[in-house]
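Working through the structure, step by step
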There are 2 protein chains.
Amino acid sequence: MALISPSRRLRRTPFSDGVEAAGVSAYTVYNHMLLPTVFASVEEDYRHLKSAVQVWDVACERQVEVRGPDAGKLVQMLSPRDLRGMLPGQCYYLPMVDETGGMLNDPVAVKLAEDRWWISIADSDLLFWVKGIAHGYRLDVLIDEPDVSPLAVQGPLADELMARVFGDGVRGIRFFRFGHFDFMGRDMVIARSGYSKQGGFEIYVEGSDMGMPLWHALMEAGRDLDVRAGCPNGIERVEGGLLSYGNDMTRENTPHEAGLGRFCNTATAIGCIGRDALLRVVKDGPVKQVRGIEIETDRLPRCDRAWQLSDRGKRVGQVTSAAVSPDFGCGVAIGMVRMTHWDEGTEVTVETQDGTFPARVRENFWI
Amino acid sequence: MALISPSRRLRRTPFSDGVEAAGVSAYTVYNHMLLPTVFASVEEDYRHLKSAVQVWDVACERQVEVRGPDAGKLVQMLSPRDLRGMLPGQCYYLPMVDETGGMLNDPVAVKLAEDRWWISIADSDLLFWVKGIAHGYRLDVLIDEPDVSPLAVQGPLADELMARVFGDGVRGIRFFRFGHFDFMGRDMVIARSGYSKQGGFEIYVEGSDMGMPLWHALMEAGRDLDVRAGCPNGIERVEGGLLSYGNDMTRENTPHEAGLGRFCNTATAIGCIGRDALLRVVKDGPVKQVRGIEIETDRLPRCDRAWQLSDRGKRVGQVTSAAVSPDFGCGVAIGMVRMTHWDEGTEVTVETQDGTFPARVRENFWI
């Protein structure tokens, strides 16, 4: 692997000092910001994530703050999910689409109040689209990227660690809900959410100055829990079927192709910019869709490009994320598969830069 | 330095196979794509760039293609530079701003025809803004990212190398003009432009399948010219005062602060979305502006964050790109300096993560 060249353009985070001190060994870049990807090794990080608790610098989940009288109207314009029933205190996973129904991002929207939202984004400059739409439609909103940096606490011991720092009240936060908690006299929004299937929280740290004090407090409080610096894990997130925008779906795909139809209420999401196009998609359904792909192998090259899926030489889809799973003893992958081959158990071939592998389509992930 | 984690999201380019074979040692990420930053070493690459010729994979300069009856109108909405005199065959460096005059990108726009443009972008998803504006204003345009990947040929021997591959006609291309040339039966737009001060060309390679054939043809033709794989050089571009969006200016800055006032005709750029805000800026001029900063040192830490510029403890600006220059025997840097300290020769202190250094403000760069 090559090195990453530091520059101001690849922004550091309020937690970077802690990440470096913990011995980060690799990064990716996400929303023009450094996102750690490996500490000890992907496999060792994976074992630890599944058994203890980790603190993740996910500051790269930048926020698009939308506030003002038209805030709710604007957020509905961005997504085919019906937001009428959403209450302040809730988080919604929202596919966001352009006028053709192509995905622009798959953020978690945090409804702070009727007229104030944080859109916690995946890797694309969604801010530019939101600003363009707000300007073009002359909406009465303010849009900006605030100084808010999420810090995730993930793993089976997450509740215990969080309770030690924020009090037992955090244990009562329900999935995809959030509450307000105090840390050193400052208000923090804490949601039960995160990019793993191990359970945990995301703390929306408002004010960069609070980054390292909170980092240290969590590390200190969790010493006997074997708390460590961690990061979204390339094996665990594939096992869990957690999609990655830019990897597993792009602007080329509709939410339905990405398997996110359950987050779309296209008929009733009135105002959604991509609604006309998606109503068309919904009529017949997509012809390809995201699936789990089980690869028969105990070694894989790096999935740094789309791998074709084929059946007797005919292209039937592609794999976009893959890793070898220690727990399941096979290659685990996320791919987009054509309707002809998307049924459970269909046998396909994965064509990598390093040779081909036999594989099987799964309707569910490894959960 | 840490490693970079490969994933499909950090897109490979049509030239990646050549880049890898040439022994790339570090990357950055730019428009969700890999951009090589170092081959042998930054210093050795620098020497070679200034004396020979290099082929650069700058596919990450993605294109926003705008076509249709409203294409010209839309491009003018994006920039405060007056485009009325621009002819097909010309390239313009265009600051692009939002409704507050904040910079969103600083692309080179390639006017292919009255109704067809390529906007060759710096590191931000300008596509999202352009699509949002076009949709909001109901403009009659098509907007997309085409399969066009620039390959730069830079260095004093660039003309000679290009003439060997494309014929002597390329020698006649004037600065920031382009022509159409044939390669293996395919049309290529070739402009005299590029992100160095050593002279050269950018080839807009249309069709990923042409990437490696062209790469090999250039390497083969330039063997006796000592042609090598190269990349934008972190020392040379600072010496030359070539700004980097995300490093030296961001959405926080106006074009005037970035020293790009000469590319703005705010009074006559009628239709520019940020015009009202910039007319206000132009009245008094900016209170801080980009300058060269000469640092008295022969070693510097990596400029991975903004370094404060101070004068007797008072903050007077910041440095955002810096390197030690072998040719000038000092630290060369780009910074934003307050009006009180921006005159030639003003002495300031640079505060890095690794100690402070005495420095002097320059009105010009090292050219």
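Every chain is numbered independently, its residues counted from 1 as its sequence is written. The naming scheme follows written order: chains are lettered A onward, ligands numbered 1 onward. pLDDT decides what is reported in this predicted model: residues at 70 or higher carry local features, side-chain atom pairs at 80 or more are listed and counted, and totals for whole chains, interfaces and linings draw on all residues regardless. Derived side-chain values reflect all non-hydrogen atoms in the structure, with water molecules and hydrogen atoms excluded from consideration.

Below, the discussion takes up the relation of the copies chain A and chain B. Least squares is the method for superposing the copies, and the C-alpha atoms it fits come from residues with pLDDT of at least 70 in both. Placing chain A over chain B gives an RMSD of 0.0 Å and needs a rotation angle of 180°, together with 0.0 Å of translation along the axis. Look at the turn and shift together and you get a two-fold axis relating the two. A symmetric contact is evident, with 100% of the interface residues of chain A recurring at the interface of chain B. For this analysis, residues touch if any pair of their heavy atoms sits within 4.5 Å.

Attention now moves to the interface of chain A and chain B. Taken together, the contact pairs 53 residues of chain A with 53 residues of chain B. Accessible area, probed at 1.4 Å, shrinks when two parts are joined; the buried area is that loss added up over both. Note on chain A versus chain B: buried area summed over both sides is about 4900 Å², and carbon and sulfur give 54% of it. By the criterion of area lost to chain B, the three top residues of chain A are Arg8(A), Arg9(A) and Phe128(A), representing 18% of everything that side buries. By salt bridge we mean one thing: a side-chain nitrogen of Lys or Arg within 4 Å of a carboxyl oxygen of Asp or Glu. Run the count over chain A and chain B and you get ten salt bridges. A salt bridge links Arg12(A) to Asp304(B); the shortest N-O distance between them is 3.5 Å. A 3.5 Å cut-off defines polar contacts: any pair of N or O atoms within that distance qualifies, except that in protein one atom must be a possible hydrogen donor and the other a possible acceptor, and neighbouring residues in sequence count only when both atoms are side-chain atoms. Put simply, chain A and chain B have 36 residue pairs in polar contact (both at pLDDT 80 or more) between them.

Time to look at the side chain of His135(A). Along the chain, His135(A) turns up in helix α4 (residues 126–136). Separated by 2.9 Å, the side chains of His135(A) and Tyr137(B) make a polar contact. Setting aside residues no more than four positions away along its own chain, His135(A) makes contact with Glu99(B), Ile133(B), Tyr137(B) and Ile273(B). Secondary structure elements follow DSSP: runs of H or I no shorter than four residues count as helices, runs of E no shorter than two count as strands, and numbering proceeds from the N terminus.

All names here are of chain A. Taking strand neighbours across the sheet as the criterion, the six strands line up as β13-β14-β15-β12-β4-β16 in an open arrangement whose pairing is mixed. A strand with exactly one partner marks an edge of an open sheet, and here the two such strands are β13 (178–183) and β16 (228–230). Direction aside, the axes of adjacent strands within the sheet are offset by 30° on average. For two strands to pair, DSSP has to find at least two bridges joining them. As judged from the six bridges shared by β13 and strand β14 (residues 186–191), these two strands associate in the antiparallel manner. Looking at β14, one finds that Phe-178 is bridged to Ala-191. Against the sheet, helix α2 (residues 42–51) engages β4 (54–57), β12 (148–154) and β16, with an angle of about 120° to β4. Working convention: axes come from line fits to C-alpha atoms, limited for helices to the stretch in contact. Angles between N-to-C directions cover 0 to 180 degrees. Across the sheet, helix α5 (residues 158–166) touches β4, β12, β13, β14 and β15 (200–206), and the angle it forms with β15 is around 35°.

Turning our eyes to something else, we now look at the packing of aromatic side chains. Pairing of aromatic side chains here covers Phe, Tyr and the six-membered ring of Trp, requires ring centres within 6.5 Å, and sorts the geometry by plane angle: under 30 degrees stacked, over 60 edge-to-face, intermediate tilted. A full pass over the atoms with the stated rule returns twelve aromatic pairs over all chains. Their ring planes at 50° and their centres at 6.1 Å tell us that Phe166(A) and Phe183(A) sit as a pair that is tilted. Placement of the pair is Phe166(A) in helix α5 and Phe183(A) in strand β13, with a sequence separation of 17 residues. Judged by relative accessible area, Phe166(A) falls into the buried class, the value being 10%. Relative accessibility thresholds used throughout: buried, under 20% of the residue-type maximum; exposed, over 50%; partly exposed, between the two (1.4 Å probe, protein chains only). Exposure remark for Phe183(A): the relative accessible area of 7% places this residue in the buried category. Relative to Trp215(B), the ring of Phe15(B) has its centre 6.5 Å away and its plane inclined at 25°; by these criteria the two rings are stacked. In this pair, Phe15(B) is assigned in the loop between β1 (3–4) and α1 (16–21) and Trp215(B) in helix α6 (residues 211–221), connecting sequence segments 200 residues apart. Of the two residues, Phe15(B) and Trp215(B), neither departs from the other in class, the shared state being buried. The ring of Tyr92(A) carries the charged tip of Arg81(A) above its face, separated from the ring centre by 3.8 Å. For a ring to carry a charge above it, either NZ of a lysine or CZ of an arginine must fall within 6 Å of the ring centroid while also lying within 35 degrees of the normal to the ring plane.

Turning next to the packing of helix α3 (residues 71–78) of chain A against α4(A). In helix packing, the relevant descriptors are the interaxial angle and the interaxial distance, both defined with respect to the helix axes. Residues and elements named next belong to chain A. Two elements in contact, α3 and α4, have axes separated by 11 Å at closest approach and are oriented at 120°. In terms of orientation, α3 lies oblique with respect to α4. Crossing geometry of α3 relative to α4 is assigned as right-handed. The segment α3 lies against α4, with Leu-74, Met-77 and Leu-78 engaging Trp-129, Val-130, Ile-133 and Ala-134. For classification purposes, angles smaller than 35 degrees are called roughly parallel, those larger than 145 roughly antiparallel, those between 65 and 115 roughly perpendicular, and all remaining angles oblique. Put simply, a crossing is left-handed when the front helix is turned counterclockwise from the back one by less than a right angle, and right-handed when it is turned clockwise.

Further remarks concern the nonpolar core. Take the buried Ala, Val, Leu, Ile, Met, Phe, Trp, Tyr and Cys residues and link them wherever side-chain atoms come within 4.5 Å; each set so joined is a nonpolar core. In this structure, Leu74(A), Phe166(A), Leu74(B) and Phe166(B) are the most contacted members of the largest nonpolar core, which totals 216 residues. Non-local contacts of Leu74(B), meaning those with residues more than four positions away in its chain, are made with Val66(B), Val130(B), Ile133(B), Ala134(B), Leu139(B), Val141(B) and Ile143(B).

Let us now look at the UniProt feature "domain: GCVT N-terminal" (unreviewed entry) in chain A. UniProt marks residues 21–266 of chain A with the feature "domain: GCVT N-terminal" (unreviewed entry), using the numbering shown here. Annotated as 22% helix and 29% strand, the span residues 21–266 of chain A places its first and last C-alpha atoms 47 Å apart. UniProt positions are given in the numbering used here, feature names are shortened, and annotations may be inferred rather than shown by experiment.

To continue, consider empty space enclosed by the protein. Residues are called lining when one of their atoms sits within 4 Å of a cavity or pocket point, these points coming from a 1 Å grid over the protein atoms alone, where a cavity is a set in which a 1.4 Å probe fits but cannot get out and a pocket is an open set with protein on both sides within 12 Å along at least five of seven lines. Grid points are joined across faces, edges and corners, and a volume is the space filled by probe spheres set on the points. Enumeration according to the criterion identifies one cavity of 30 Å³ or more in this entry. Roughly 70 Å³ of volume is contained in the largest cavity. In this structure, the largest cavity is lined by Val29(A), Tyr30(A), Asn31(A), His32(A), Asp123(A), Arg9(B), Leu10(B), Val29(B), Tyr30(B), Asn31(B), His32(B) and Asp123(B). At the level of secondary structure, the elements contributing two or more residues to the lining of the largest cavity comprise β2 (26–30) of chain A together with β2 (26–30) of chain B. Amino acid classes used here: Ala, Val, Leu, Ile, Met, Phe, Trp, Tyr, Cys and Pro are nonpolar; Asp, Glu, Lys and Arg are charged; the rest, including Gly, are polar. Taken together, the residues of the lining of the largest cavity sort by class into five nonpolar, four polar and three charged.

Below, the discussion takes up the environment of Pro255(B). All names here are of chain B. Assignment of secondary structure puts Pro-255 in the loop between α7 (236–239) and α8 (275–284). Considering only alpha carbons, one finds Pro-255 and Thr-356, 101 residues apart in sequence, at a separation of 29 Å. Excluding residues that lie within four positions of it along the chain, Pro-255 makes contacts with Pro-80, Pro-95, Val-97, Gly-101, Met-103, Leu-260, Gly-261, Cys-264 and Leu-278.

As a further point, take the UniProt feature "domain: Aminomethyltransferase C-terminal" (unreviewed entry) in chain A. Here, UniProt's "domain: Aminomethyltransferase C-terminal" (unreviewed entry) annotation points to residues 288–362 of chain A. Taken as a whole, residues 288–362 of chain A contains 0% helix and 64% strand, while its terminal C-alpha atoms sit 14 Å from one another.

Moving on, we come to the packing of helix α5 (residues 158–166) of chain B against α6(B). All names here are of chain B. Axis separation between α5 and α6 bottoms out at 9 Å; the angle between their running directions is 120°. On the basis of the axis angle, α5 is oblique to α6. The handedness of the crossing between α5 and α6 comes out as right-handed. Only Leu-214, Ala-217, Leu-218 and Ala-221 of α6 make contact with α5, whose side of the interface consists of Leu-161, Met-162, Arg-164, Val-165 and Phe-166. Split into classes, the residues belonging to the contact of α5 with α6 amount to eight nonpolar, no polar and one charged.

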